[in-house]
Amino acid sequence: MKKLSSIIIPVIVAVVALSFSACSKEKFHVNGAISNANEKTLYFENMSLDGPVIVDSVKLNEEGTFSFADEKPQAPEFYRLRIENQIINVSIDSTETVSIKGAYPTMAVQYTVEGSENCNKIKELSLKQIDLQQRVMAIQQNTSLGYEATVDSINRVVERYKDDIKRNYIFKEPMKAYAYFALFQALGNQLIFNPRANKDDIKVFAAVATSWDTYYPEAVRGENLHNIAIEGMKTQRIVENQNNMMIDASKVNVTNILDIQLPDNKGVTRKLTDLAGKVVLLDFHVFATKDSPARIMKLREVYNKYHAQGLEIFQVSLDPDEHFWKQQTAALPWISVRDPQGIQSQLMTTYNIQSIPTFFLVNRSNVLHKRDSQMKDLDQEIKSLL
């Protein structure tokens, strides 16, 4: 057990190396050649949250060779090579050397990458996106289809595309830079994954955000993903409430947590967001495992020690047998809920849960604090939040 936002825009500052320590900073390198681009200017740009920022540029000669370098980012960061409107997207997460070769003016769709799995995946995603755009245009130009048939055909093509990207890129490795990149693909001027318009798309953003919390806990981009998911939740709630004419939209309140709403062992629906004001140990558990009794004893120790000071345990069971679960939780003092979907639960994706059991800490403001893998001392973490 001893082992869980506002949008901030990074500022790119060019620093002149005036000392040995500055010169010795770790750097990444992007090099290669773009042929058929003699006298063209190749720009190397950082794709910051506030838009592209020029890091460096070079006027290419007949050979088209280039070499750029910059300081290693603390978390995955995104860049692009650009000649006029031809763009090659690049991601960097360490001190790697990425080599890229292409030819102008087809460099955006015909280039090779060496030295980066993420960059190769981003290339795959870019080509898939271009193919999607072409298929949608072909549908739009098909004069034999009426308006409704056109819309239906486009929707089906887009949904198949989204399913492919979710299964094979985003949910497969949500901690990777290419999963983040996939979230922001667009069709025309519309995001393909749009959390403001689609509940399922909120879950996709949340999955990557939660994963980045684990692997890059201080990353601005991870925090930004949470903000996007939460704003999407707020928009969806406002729309639902307006459609149902239940309450005034101005009274909608969204907390900074991905909510869980499930029935407890007494049949009462319990919501994680109702625990705002308390420190919450959010535990995902399967009682039908051999290690369950020992784990429950440790949770009892934690609960008895800190409950009077404001700690609550919100335990989500993924047991397949409801009757067995009720028997096991009948005497437990904390909140026990069960997801009937078991290990197929959408929560496994939303919270990026790779194994069971696992737990998170949520602070009094209903904000996800840390997950178990980020904590060395559970007692110290709890005390810091109480």
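For the structure itself, look to the data block above.
Summarised in this report is the structure supplied together with it.

Calculation criteria
Residue numbers restart at each chain and count upward from 1, following the sequence in its written direction. Two thresholds apply to this predicted model, a pLDDT of at least 70 for residue-level local features and 80 or more for giving and counting side-chain atom pairs, whereas whole-chain, interface and lining totals are computed over all residues. To get the side-chain values, take all heavy atoms of the structure and skip hydrogens and water. Helix numbering and strand numbering both begin at the N terminus, where a helix is a DSSP run of H or I of at least 4 residues and a strand a DSSP run of E of at least 2. An expected span of 1.5 Å times one less than the residue number is assigned to each helix. Only protein chains enter the accessibility calculation, which uses a 1.4 Å probe; a residue whose area is less than 20% of its type maximum is buried, one above 50% is exposed, and one in between is partly exposed. It only takes one pair of heavy atoms within 4.5 Å for two residues to be counted as in contact. Comment: axis = line fitted to C-alpha atoms, over the contacting stretch for helices; angle = value between 0 and 180 degrees taken between N-to-C directions. Orientation is classified from the angle alone, with under 35 degrees giving roughly parallel, over 145 giving roughly antiparallel, 65 to 115 giving roughly perpendicular, and any other angle giving oblique. Note: crossing handedness is left-handed where the near helix turns anticlockwise from the far helix by less than a right angle, and right-handed where it turns clockwise. Just so you know the grouping, Ala, Val, Leu, Ile, Met, Phe, Trp, Tyr, Cys and Pro go in nonpolar, Asp, Glu, Lys and Arg go in charged, and all remaining residues, Gly too, go in polar. Buried Ala, Val, Leu, Ile, Met, Phe, Trp, Tyr and Cys residues that are joined via side-chain atoms within 4.5 Å together make up what is termed a nonpolar core. Pairs of strands are assigned from DSSP output, requiring at least two bridges between the strands. Two aromatic rings, drawn from Phe, Tyr or Trp (for Trp, its six-membered ring), form a pair once their centres lie within 6.5 Å of each other, and the interplanar angle then sorts them: stacked below 30 degrees, edge-to-face above 60, tilted otherwise. Any Lys or Arg side-chain nitrogen located within 4 Å of an Asp or Glu carboxyl oxygen qualifies as a salt bridge.

Details of helix α3 (residues 147–170)
Part 1 of the reasoning: An ideal rise of 1.5 Å per residue puts 34 Å on 24 residues; α3 measures up with 32 Å between its terminal C-alpha atoms.
Part 2 of the reasoning: Within α3, burial applies to T150, S153, I154, V157, V158, Y161, K162, D164, I165, K166, Y169 and I170.
Part 3 of the reasoning: On its buried face, α3 is in contact with α2 (117–140), α4 (177–183), β9 (186–187) and α5 (199–215).

A short note on the packing of helix α7 (residues 292–306) against helix α10 (residues 378–385)
Part 1 of the reasoning: Remark: α7 packs on α10, axes separated minimally by 12 Å, with the N-to-C direction vectors making an angle of 30°. One element, α7, and the other, α10, form an angle in the roughly parallel class. Our pair here, α7 against α10, has a crossing hand that is right-handed. Touching V302, K305 and Y306 of α7 are L378, D379, I382 and K383, all from α10.
Part 2 of the reasoning: Of the residues that constitute the contact of α7 with α10, the class distribution is four nonpolar, no polar and three charged.

As for the nonpolar core
Part 1 of the reasoning: Counting 56 residues, the largest nonpolar core has I260, L282, F284, F314, V316 and Y351 as its most contacted members.
Part 2 of the reasoning: By size, the runner-up hydrophobic cluster in this structure holds 22 residues, among which are I34, V90, V98 and M107.

Looking at the sheet that holds strand β15 (residues 335–338)
Part 1 of the reasoning: Taken in spatial order, the five strands make up an open sheet running β15-β14-β13-β16-β17, and their pairing is mixed. Each end of this open sheet is capped by a strand with a single partner; those strands are β15 and β17 (368–371). Across the sheet, the axes of successive neighbouring strands diverge by a mean angle of 20°, strand direction being ignored.
Part 2 of the reasoning: Relative to strand β16 (residues 358–362), α10 is tilted by about 25°, and along the sheet it contacts β13 (279–285), β14 (311–317), β16 and β17.

Focus on the packing of aromatic side chains
Part 1 of the reasoning: Taken as a whole, this structure holds 16 aromatic pairs when the rule is applied.
Part 2 of the reasoning: Measuring from ring centre to ring centre gives 5.2 Å for F44 and F68, while their planes differ by 5°; the resulting arrangement is stacked. Highlighted residues: F44 in strand β2 (residues 41–48) and F68 in strand β4 (residues 65–71), separated in sequence by 24 residues.
Part 3 of the reasoning: Under the relative-accessibility criterion, F68 is labelled buried at 2%.
Part 4 of the reasoning: With centroids separated by 6.4 Å and ring planes inclined at 45°, the aromatic side chains of Y215 and Y216 adopt a geometry described as tilted.

Observations concerning the sheet that holds strand β5 (residues 77–83)
Part 1 of the reasoning: Spatial strand order, β3-β2-β5-β6: four strands in an open sheet with antiparallel pairing. The open sheet has two edge strands, β3 (51–59) and β6 (86–92), and neither has a second partner. On average, each strand axis in the sheet is inclined to that of its neighbour by 25°, with strand direction left out of account.
Part 2 of the reasoning: Relative to β6, β5 is paired through seven bridges, and the arrangement is antiparallel. Paired with Y79 across the bridge in β6 is V90.

As for the pairing of strand β1 (residues 27–35)
Part 1 of the reasoning: In this sheet, β4 lies alongside β1 in antiparallel orientation, the contact comprising seven bridges. Note that in β4 the partner of A33 across the bridge is T65.
Part 2 of the reasoning: The sheet contact formed by β1 and strand β7 (residues 97–103) spans seven bridges and is parallel. Paired with A33 across the bridge in β7 is K101.

Topic: the pattern of salt bridges
Part 1 of the reasoning: Applying the stated rule across the entire model yields 18 salt bridges.
Part 2 of the reasoning: The salt bridge involving D201 is made with K162; its shortest N-O contact spans 3.0 Å. You can see D201 sitting in helix α5 and its partner K162 sitting in helix α3, a full 39 residues away along the chain.
Part 3 of the reasoning: In this structure D201 comes out as buried when scored by relative accessible area, which is 2%.
Part 4 of the reasoning: As a salt-bridge pair, E322 and K326 come within 3.6 Å of each other at their nearest N and O atoms. Of the two residues, E322 and K326 both sit in helix α8 (residues 322–329), four residues apart, roughly one turn of that helix.
Part 5 of the reasoning: The network of salt bridges with shared partners includes E45, R80 and R82.

A short note on the pairing of β3
Part 1 of the reasoning: Pairing geometry for β2 and β3, over eight bridges, is antiparallel. The residue bridging T41 from the neighbouring strand is K59, located in β3.
Part 2 of the reasoning: The antiparallel pairing of β2 with β3 creates a hairpin that spans two residues between the two strands.

Coordinates in, geometry out; function isn't part of it.
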